[in-house]
Amino acid sequence: TRQVFFAGVTANPTGAWTTQAARDLLLRHADQLADSRALVRDRGSQSINTFDEIFRTEGIKVLKTPVRTPVANAFAERWIGSIRRELLARTIIWNRRQLERLVIDYIKHNNEHRPNHSLDQRPPLAALFDADPPKLQVVKSTKCDGLINEYRHAAWPRTTQFPAHNCSTTVLHCFHEHHDSPTR
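The present account deals with the structure reproduced in this document. (Residues numbered from 1 in each chain as written. Predicted model: local features only at pLDDT ≥ 70, side-chain atom pairs only at ≥ 80, totals over all residues. Heavy atoms only, no water.)

### Description of the overall build of the protein
So, step 1. A count of helical and extended segments in the protein gives five helices and seven strands.
So, step 2. In sequence order, the protein lays out its α and β elements as α-α-β-α-β-α-α-β-β-β-β-β.
So, step 3. For the protein, the proportion of its 184 residues judged to be buried stands at 33%.
So, step 4. Across the protein, the fraction of contacts at a sequence separation of at least 24, relative to all contacts at a separation of at least 6, is 52%.
So, step 5. Summing over all exposed atoms, the protein offers an accessible surface of approximately 11,900 Å²; the carbon and sulfur share of this is 54%. (Helix = DSSP H or I, 4+ residues; strand = E, 2+ residues; numbered from the N terminus. Buried < 20%, exposed > 50% of the residue type's maximum accessible area, 1.4 Å probe, protein only. Contact = heavy atoms within 4.5 Å. Areas by Shrake-Rupley, 256 points an atom, 1.4 Å probe, with all protein chains shown as cover.)

Here it is as structure tokens:
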């Protein structure tokens, strides 16, 4: 899948920090990452041997991209470019808590709403939603403090419970009751 997971935010990504972030990521998302076969990563100095070993102990093969070859990890490069252009370049970040909140909100938008060409214009978590919603009214909601607008059919549920999450989170879709004209 093209699902993105939040691993953390820091101003100084050291080897120790990325190693701990990898541990936390695998603890929080063990169920979703259970079928993962490989991790593709660059050769950045913050990814040290202990970082790789955490994934190897989970049975995940670590693949290092060639030096200065961003196309070798095109999925990650595209996602980083998207979050930079669509969120970070348009936002004044005041503190770490605000940055974490916005990044988590953007990741939810990416996983639940943003169409993906390789997934037949469906978001990565499309299987959790109704495959063919009825053609009704469109409801608008905003993400990332109004930088991103999402449009859904009014018949979709306002609350979606995601299965297999260790923290059993419920995502609440905050809809602003703007009823646009019916689609088609």
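### Here's the deal with the environment of L39
So, step 1. Relative to the elements of secondary structure, L39 occurs in strand β1 (residues 38–41).
So, step 2. Along the backbone, L39 and F55 are 16 residues apart, and their C-alpha atoms lie at a distance of 7.8 Å.
So, step 3. Other than its neighbours up to four places away in sequence, L39 contacts F51, F55, I60, K61, V62 and L63.

### Some details on the pattern of salt bridges
Between side chains of opposite charge, pairing is possible as soon as their charged atoms come close.
So, step 1. This model, assessed by the stated rule, comprises eight salt bridges.
So, step 2. Linking D145 and R101 is a salt bridge whose minimum nitrogen-to-oxygen distance equals 3.0 Å. Here R101 lies in helix α5 (residues 96–112) and D145 lies in the loop between β3 (138–143) and β4 (148–153), a separation of 44 residues in the sequence.
So, step 3. Given a relative accessible area of 56%, D145 falls into the exposed group.
So, step 4. With relative accessibility at 43%, the residue R101 sits in the partly exposed group.
So, step 5. Put simply, R41, D52, E53, R56 and K64 are held in one network by salt bridges that share partners. (Salt bridge = Lys/Arg side-chain N within 4 Å of Asp/Glu carboxyl O.)

### Quick word on the pairing of β1
So, step 1. Across four bridges, β1 lies against strand β2 (residues 61–64) in parallel orientation. Residue V40 lies in a different strand from β2, and its bridge partner there is L63.
So, step 2. As for the winding sense of the linkage, the β-α-β connection from β1 through helix α3 (residues 49–57) to β2 is right-handed. (Pairing = 2+ DSSP bridges. Right-handed = clockwise from strand over helix to strand, strands pointing away.)

### Details of the packing of helix α4 (residues 74–86) against α5
So, step 1. Relative to each other, α4 and α5 sit at 120°, their axes nearing to 12 Å. One finds that α4 runs oblique with respect to α5. Our pair here, α4 against α5, has a crossing hand that is right-handed. Facing W79, S82, I83 and E86 of α4, the residues of α5 in contact are V103, Y106, I107 and N110.
So, step 2. Residue classes in the contact of α4 with α5 are distributed as five nonpolar, two polar and one charged. (Axes fitted to C-alpha atoms, helices over the stretch in contact; angles between N-to-C directions. Parallel < 35°, antiparallel > 145°, perpendicular 65-115°, else oblique. Left-handed = near helix turned anticlockwise from the far one by under 90°. Nonpolar A, V, L, I, M, F, W, Y, C, P; charged D, E, K, R; others polar.)

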